[in-house]
Amino acid sequence: MLAASLDLEGARGIILEGSSHVGSKLLMSGGGRCNITHGGSIKDFLSAYGDKGPSFRKALYRHSNDELKNWLEEHDVLLTEEKGRIFPASMRAKDVLDVFTKEATRNGWHIRTDTKVAGLRKKENRDESKGDRTDNRTDNRGDNRKNDTWDIELKDGEIIKAKNVVIATGGITYPETGSDGSMFEILKGLGIGVTELRPALAPVYVEDYPYGELSGVSLNDVTVSVMGSASATGSHKGKGKPAHMTGDILFTHDGFSGPAILNISGYAEPGKKIRLSYNKELSELPKRMQRVLQDRARGESGDIKTTVLASLLDHDDFIVKAIDDRGMVTAGGIELDEVDSRSMRIKSLDGLYAIGEALDVNGITGGYNLQMCWSTASAAADDLREQLK
Ligand SMILES: Cc1cc2nc3c(=O)[nH]c(=O)nc-3n(C[C@H](O)[C@H](O)[C@H](O)COP(=O)(O)OP(=O)(O)OC[C@H]3O[C@@H](n4cnc5c(N)ncnc54)[C@H](O)[C@@H]3O)c2cc1C
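Remember, it's a predicted structure, so these values are computed and weren't measured experimentally.

Asks: Would you take a moment to explain the overall build of the protein chain for this structure?
Replies: Secondary structure summary: the protein chain contains 11 helices and 18 strands in total. Principal axes of the C-alpha set define a box for the protein chain whose edges measure 95 × 40 × 35 Å. When burial is assessed residue by residue, the protein chain has 51% of its 389 residues classed as buried. Looking at the protein chain alone, contacts between residues at least 24 apart form 74% of all its contacts between residues at least 6 apart.

Asks: Is there a simple way to think about the sheet that holds strand 6 (residues 117-122) in this case?
Replies: In a beta sheet, neighbouring strands pair by backbone hydrogen bonds and run either parallel or antiparallel. Taken together, the 3 strands give an open sheet; going across it, the order is 6-7-8, and neighbouring strands pair in antiparallel fashion. Every other strand in the sheet has two partners, leaving strand 6 and strand 8 (159-162) as the edge strands with one partner each. Sheet twist, expressed as the mean angle between neighbouring strand axes with direction ignored, is 20°.

Asks: Where do I start with the site of the ligand in this structure?
Replies: As a structural note, the neighbourhood of the ligand is formed by 29 residues, with Glu17, Gly30, Ser179, Glu357 and Leu370 the closest of them. Valine 117 is positioned with one of its backbone polar atoms (N or O) 2.9 Å from a nitrogen atom of the ligand. Serine 179 has a polar side-chain atom sitting 2.5 Å from an oxygen atom of the ligand. Relative to its unbound accessible surface of 1000 Å², the ligand loses 90% to contact with the protein.

Asks: Any chance you could explain a positive patch on the surface here in plain terms?
Replies: On the surface, a cluster of positive charge is made up of Arg57, Lys58, Arg342 and Lys347. Inspection of the secondary structure assignment puts lysine 347 in the loop between strand 17 (329-331) and strand 18 (352-354). Since its relative accessible area comes to 56%, lysine 347 is described here as exposed.

Asks: I tried to follow the layout of surface pockets on my own but got confused; where do I start?
Replies: Think of a ball as big as a water molecule: rolled over the atoms, this probe shows where empty space is left. In this structure, the second largest pocket occupies an estimated 160 Å³ of space. Around the second largest pocket, the lining residues are Lys52, Ser55, Phe56, Thr195, Glu335, Leu336, Asp337, Val339, Ser341, Met344, Lys347 and Asp360. Each residue belonging to the lining of the second largest pocket can be placed in one class, and the counts come to 4 nonpolar, 3 polar and 5 charged.

Asks: In this structure, what is going on with the pattern of salt bridges? I would like to understand it.
Replies: Between side chains of opposite charge, pairing is possible as soon as their charged atoms come close. Tallying each qualifying case throughout the model produces 24 salt bridges. A salt bridge links arginine 112 to glutamate 158; the shortest N-O distance between them is 3.0 Å. Of this pair, arginine 112 sits in strand 5 (residues 109-112) while glutamate 158 sits in the loop between strand 7 (150-154) and strand 8; the two residues are 46 residues apart in sequence, bridging distant segments of the chain. Glutamate 158 sits in the partly exposed class, given a relative accessible area of 31%.

Asks: Looking at this structure, how should I read the domain arrangement of the protein chain?
Replies: What the domain assignment reports for the protein chain is domain 1 (2-196 + 328-388) and domain 2 (203-323). Between the C-alpha centres of domain 1 and domain 2 the distance comes to 37 Å.

Asks: Explanation requested: the side chain of threonine 115 in the structure shown.
Replies: Mapped onto the fold, threonine 115 is located in the loop between strand 5 and strand 6. Residue threonine 115 is classed as buried on the basis of its relative accessible area of 5%. Among the polar contacts made by the side chain of threonine 115, one reaches the main-chain carbonyl oxygen of threonine 113 at a distance of 2.7 Å. Not counting residues up to four positions away in its chain, the partners in contact with threonine 115 are Leu16, Glu17, Gly18 and Leu154.

Asks: I'm lost on the pairing of strand 12 (residues 218-226) in this one. Help?
Replies: In regular strands, side chains alternate between the two faces of the sheet. Here strand 12 runs beside strand 13 (residues 243-251); their pairing, made up of 7 bridges, is antiparallel. Paired with valine 224 across the strands is methionine 245, a residue of strand 13. Two strands pair when backbone bridges link them, and strand 12 and strand 15 (residues 273-277) are joined in this way by 4 bridges, in the antiparallel orientation. The residue of strand 15 that forms the bridge with threonine 223 is serine 277.

Asks: Looking at this structure, I do not really get the packing of aromatic side chains. What am I missing?
Replies: The geometry of two aromatic rings is summed up by the distance between their centres and the angle between their planes. Considering all chains together, one arrives at 12 aromatic pairs under this definition. Between tyrosine 211 and phenylalanine 318 the ring centres are 6.4 Å apart and the planes differ by 70°, which places this aromatic pair in the edge-to-face class. Pair noted here: tyrosine 211 is in the loop between strand 11 (204-206) and strand 12 and phenylalanine 318 is in strand 16 (residues 316-323), with a separation of 107 residues, a long-range link. Judged by its relative accessible area of 5%, phenylalanine 318 is buried. Taken together, Tyr209, Tyr211, Phe251, Phe256 and Phe318 form an aromatic cluster joined through their ring pairs. The ring of phenylalanine 87 carries the charged tip of arginine 33 above its face, separated from the ring centre by 4.4 Å.

Asks: It is not clear to me how the nonpolar core should be interpreted in this structure. Could you clarify?
Replies: Burial of nonpolar side chains together is a common tendency in soluble globular proteins. Residues Ile167, Tyr211, Ile249, Phe251, Ile274 and Ile334 are the most contacted members of the largest nonpolar core, which totals 105 residues. Of the residues forming this core, the biggest block, 10 residues, is contributed by helix 11 (residues 368-388). When we break this core down by domain, the ones giving at least three residues each are domain 1 (2-196 + 328-388) and domain 2 (203-323). Counting residues in hydrophobic clusters, the runner-up holds 5 residues, among them Ala200, Leu201, Leu262 and Val329.

Asks: Just checking my understanding: could you explain the sheet that holds strand 2 (residues 37-38) for this structure?
Replies: Spatially, 2-4-3 is the arrangement adopted by the 3 strands of the open sheet, whose pairing is antiparallel. What marks the edges here is a single partner per strand, and that holds for strand 2 and strand 3 (79-82). Alignment of strand 3 against strand 4 (residues 85-88), held across 4 bridges, turns out to be antiparallel. Following the sheet pairing, glutamate 82 is matched in strand 4 by arginine 85.

Rules used in this analysis
- Residues numbered from 1 in each chain as written.
- Predicted model: local features only at pLDDT ≥ 70, side-chain atom pairs only at ≥ 80, totals over all residues.
- Heavy atoms only, no water.
- Helix = DSSP H or I, 4+ residues; strand = E, 2+ residues; numbered from the N terminus.
- Buried < 20%, exposed > 50% of the residue type's maximum accessible area, 1.4 Å probe, protein only.
- Contact = heavy atoms within 4.5 Å.
- Pairing = 2+ DSSP bridges.
- Axes fitted to C-alpha atoms, helices over the stretch in contact; angles between N-to-C directions.
- Near = heavy atom within 4 Å.
- Polar contact = N/O pair within 3.5 Å; in protein donor to acceptor, adjacent residues only side chain to side chain.
- Areas by Shrake-Rupley, 256 points an atom, 1.4 Å probe, with all protein chains shown as cover.
- Patch = residues over 30% accessible without salt bridge, like charges linked within 9 Å, V, L, I, M, F, W, Y side chains within 5 Å.
- Salt bridge = Lys/Arg side-chain N within 4 Å of Asp/Glu carboxyl O.
- Lys, Arg positive; Asp, Glu negative; His and termini not counted.
- Charge placed at Lys NZ, Arg CZ, Asp CG, Glu CD.
- 1 Å grid on protein atoms, 1.4 Å probe; cavity = no way out; pocket = protein on both sides within 12 Å on 5 of 7 lines; lining within 4 Å.
- Points joined across faces, edges and corners; volume = space filled by probe spheres on them.
- Nonpolar A, V, L, I, M, F, W, Y, C, P; charged D, E, K, R; others polar.
- Domains from an automatic or database assignment.
- Phe/Tyr/Trp six-rings, centres within 6.5 Å; stacked < 30°, edge-to-face > 60°.
- Lys NZ or Arg CZ within 6 Å of the ring centre and 35° of its normal.
- Core = buried A, V, L, I, M, F, W, Y, C linked by side-chain atoms within 4.5 Å.

Set out below in structure tokens:
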């Protein structure tokens, strides 16, 4: 998005992509359909990021869902809405990726794939009065490198010099897409704070899971609570209060999934209690589930204990065994205090920016995570555009 919306006007810009293709995660988003954003007012987005929302409000408000929708439609990507979720009308994530790569190329960006960044070094500011020839040299492509302040070291040892570097390296989940978290160690080496990284928006596995035979069955309006968490989608470090989320759940052969589970998974650490309240009478549940619940409520004599059955409907409690490491997003990332939320500059290091999932922000499902990427990318593009003037 940054490259697609920033015309370099003759300056040089390179996208360094470690894997063989750009946008692999975008292609798998929304099950290949790419839920690019959510409908409604951008003001309603803030709560989707828990207590992190206000930290990048400026970027979000300046580059809203409406701006994104207009930009895409102006570039011939027609959109459609499904229960508030916005998708390309073609339902093909590839159409979204294609428009970004096409516009980036048109804006003068060069895309280099199989180009993994292995190091990042800031050059000291040099005193021109002492005639530093390296800093003032003109290279054989005629570029004046006087302002280059960063050395980007590639895996094969090549060094690329740059005035500005934008970190857009994503999180740690689905590492086969190229987002393997390798950049976080490099950033820590520069003194940049990175919070604890773990999968979020992931299925949850529990001890003594009884619903394997219901695999594929979903239920609506289930309240899921994780005990000993802060508020849902907020800080992951809360101690006392439970986190709650009401919505659809999906039984899989070995654990719980579906939007309400995915959205609360960031709180469900192993050993914590997770509670499902079905908000329904027994007769309103699928027949197969009724049977499983009745079996679980049987006493030693084989009779169904109605009080046990009622309590299972009201609070079906489990101990979390594990969170699937294939989370749709990463909880944690570059500390938001490090970043100016208007420009996405890293405050302590001139010429360094951070955008997208690499930041310590994660939202619930529904297009909020990609909107955060678009908004922060557009904010950084604005700042860089000013520099090009
Ligand atoms: C299965 C799935 C479905 C999803 N569906 C949705 C959805 O429908 N809606 C939604 O809003 N969000 C969705 N998400 C989340 C969304 O796709 C991500 O939040 C988003 O792609 C993050 O974008 P990004 O550009 O910040 O990072 P990424 O898309 O992860 O891109 C980072 C890029 O940086 C490259 N890279 C990493 N390290 C290096 C390095 N050292 N050197 C060079 N290159 C490097 C990687 O190869 C990668 O191409 C989904 C995620 C998954 C996994």
